[in-house]
Amino acid sequence: GMNGVIRSLSNAHFDFDVVTIADDNYPDRLKDIKGAAPVLYLMGDQTLLEAEKSMAVVGTRELYDPTVTDPRVIQDGKEIIERLVEKEYVVVSGLAEGCDTLAHQTAIEQSGRTVAVLGTPLDRFYPAENRDLQTRIAQDHLLVSIYPIGLRTFPSYFAFRNRFTVGLANDGVTVIRAGDKSGTQHAMNDCDTQGKTLYVLSHNSH
């Protein structure tokens, strides 16, 4: 039962915070989203939720596939994130493969701050190869999930995660490389719905 769950989590020193929509520290900018999540599960530095300047970074998961992406795009993407960090934006992304991973890694390398909005509960690592990155963000930055620990994951979570990533970004959304049929498109639509500014890397157009 519940005791078993709590015990196994505390053994692992799995320390997380729960913020409900009724709490003062639930970010105002998320309350306005269609289908706002009633509960946020957080690990790390919660002050990042209220950062004055924050930018969502989205884009294709196939960023590192040379048949899909010109290597210059990766370089340009890096430079854009470096510039965001220089201007003290918190970089918000979804910890997926490709553009998200580049965004978080570059922000950390540049001594910037980053928020990862997960499409899974906090105790899951997806993709598995981002385990170290996720752990690092939990320690030094901020992980956010709207899914309770132990929940099985469904594909629809990832689309909702995008809406949320956009919602957390005060200053808009930067698309490093579109072409991802689902995620990036969702994020662009959410950007529109939420009245946020969309920035697209110049050679995105085909």
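Anyway, here's the lowdown on the structure attached to this text. Just so you know, these numbers come straight off a predicted model, no measurement behind them.

A few points about the overall build of the chain
Okay, step 1: Along the backbone of the chain there are 7 helices and 8 strands.
Okay, step 2: When each of the 206 residues of the chain is scored for burial, the buried share is 48%.
Okay, step 3: A sequence separation of at least 24 residues applies to 74% of the contacts in the chain between residues at least 6 apart.
Okay, step 4: For the chain, the computed accessible surface area is about 10,300 Å², with 49% contributed by carbon and sulfur atoms.

Description of the nonpolar core
Okay, step 1: Leu-40, Val-115, Val-144, Phe-164 and Leu-168 are the most contacted members of the largest nonpolar core, which has 21 residues in total.
Okay, step 2: When contributions to this core are tallied by element, the ones reaching two or more residues are β2 (39-44), β4 (90-93), β5 (114-117), β6 (142-145) and α6 (156-168).
Okay, step 3: Residue contributions to this core peak at 3 residues, all from α6.
Okay, step 4: Among residues more than four places away in sequence, those in contact with Leu-168 are Arg-29, Leu-30, Leu-49, Ser-54, Val-92, Val-115, Val-117 and Val-144.
Okay, step 5: Counting residues in each nonpolar core, the second largest holds 17 residues, with Met-55, Leu-63, Ile-74 and Leu-201 among its members.

Some thoughts on helix α3 (residues 71-86)
Okay, step 1: Across its 16 residues, α3 extends 23 Å between first and last C-alpha, which sits within 8% of the 22 Å expected from 1.5 Å per residue.
Okay, step 2: Within α3, burial applies to Val-73, Ile-74, Gly-77, Ile-80, Ile-81, Leu-84 and Val-85. The buried residues of α3 occupy an angular sector of 140 degrees when the element is viewed end-on, so they sit on one face. Exposed and oriented more than 90 degrees from the buried face of α3 are Pro-71, Arg-72 and Glu-86.

Description of the packing of aromatic side chains
Okay, step 1: Scanning all chains against the criterion turns up 1 aromatic pair.
Okay, step 2: Ring centres of Phe-16 and Tyr-41 lie 6.3 Å apart, and the angle between their planes is 55 degrees; on these two criteria the pair is classed as tilted. Of the two residues, Phe-16 is situated in the loop between α1 (2-11) and β1 (17-20) and Tyr-41 in strand β2; the sequence distance between them amounts to 25 residues.
Okay, step 3: If you follow Lys-53 out to its NZ or CZ, it ends over the ring of Tyr-89, 4.6 Å from the centre.

Thoughts on the packing of α3 against helix α4 (residues 99-109)
Okay, step 1: Viewed as axis vectors pointing N to C, α3 and α4 meet at an angle of 50 degrees, and their least axial separation amounts to 9 Å. With respect to each other, α3 and α4 are oriented oblique. Viewed along their axes, α3 and α4 form a crossing whose handedness is right-handed. Here Ile-74, Gly-77, Lys-78, Ile-81, Glu-82 and Val-85 of α3 lie close against α4, whose contacting residues are Leu-102, Ala-103, Thr-106, Ala-107 and Glu-109.

Notes on the sheet that holds β4
Okay, step 1: Here 8 strands make up an open sheet; going across it, the order is β1-β2-β6-β5-β4-β3-β7-β8 and the pairing mixed. Single-partner strands in this sheet number two, and they are β1 and β8 (198-200). In this sheet, adjacent strand axes meet at a mean angle of 25 degrees when their direction is disregarded.
Okay, step 2: As defined by bridge partners, β4 adjoins β5 across 3 bridges and the pair is classed as parallel. Considered in β5, the bridge of Ser-93 is made with Ala-116.

Some thoughts on the packing of α4 against helix α5 (residues 131-140)
Okay, step 1: Two elements in contact, α4 and α5, have axes separated by 11 Å at closest approach and are oriented at 50 degrees. Looking at the two axes, α4 sits oblique to α5. Our pair here, α4 against α5, has a crossing hand that is left-handed. Within the contact between the two elements, α4 uses Thr-101, His-104, Gln-105 and Ile-108 and α5 uses Leu-133, Arg-136 and Ile-137.
Okay, step 2: Per-class residue counts for the contact of α4 with α5 are 3 nonpolar, 3 polar and 1 charged.

Regarding the pattern of salt bridges
Okay, step 1: Per the stated rule, a full pass over the model turns up 4 salt bridges.
Okay, step 2: Taking the shortest distance from any N to any O, the salt bridge between Lys-31 and Asp-28 comes out at 3.6 Å. In this pair, Lys-31 and Asp-28 both sit in helix α2 (residues 28-31), 3 residues apart, roughly one turn of the helix.
Okay, step 3: Residue Lys-31 is classed as partly exposed on the basis of its relative accessible area, which comes to 34%.
Okay, step 4: A residue is classified by how much of its surface remains accessible, and Asp-28, at 54% relative accessible area, is exposed.
Okay, step 5: Between Asp-45 and Arg-113 there is a salt bridge whose closest N-O contact spans 3.2 Å. Taken as a pair, Asp-45 in the loop between β2 and β3 (54-58) and Arg-113 in the loop between α4 and β5 lie far apart in primary sequence, 68 residues in all.

About the cut-offs
- Residues numbered from 1 in each chain as written.
- Predicted model: local features only at pLDDT ≥ 70, side-chain atom pairs only at ≥ 80, totals over all residues.
- Heavy atoms only, no water.
- Helix = DSSP H or I, 4+ residues; strand = E, 2+ residues; numbered from the N terminus.
- Buried < 20%, exposed > 50% of the residue type's maximum accessible area, 1.4 Å probe, protein only.
- Contact = heavy atoms within 4.5 Å.
- Areas by Shrake-Rupley, 256 points an atom, 1.4 Å probe, with all protein chains shown as cover.
- Core = buried A, V, L, I, M, F, W, Y, C linked by side-chain atoms within 4.5 Å.
- Expected span 1.5 Å × (residues − 1).
- Arc of directions from axis to C-beta.
- Phe/Tyr/Trp six-rings, centres within 6.5 Å; stacked < 30°, edge-to-face > 60°.
- Lys NZ or Arg CZ within 6 Å of the ring centre and 35° of its normal.
- Axes fitted to C-alpha atoms, helices over the stretch in contact; angles between N-to-C directions.
- Parallel < 35°, antiparallel > 145°, perpendicular 65-115°, else oblique.
- Left-handed = near helix turned anticlockwise from the far one by under 90°.
- Pairing = 2+ DSSP bridges.
- Nonpolar A, V, L, I, M, F, W, Y, C, P; charged D, E, K, R; others polar.
- Salt bridge = Lys/Arg side-chain N within 4 Å of Asp/Glu carboxyl O.

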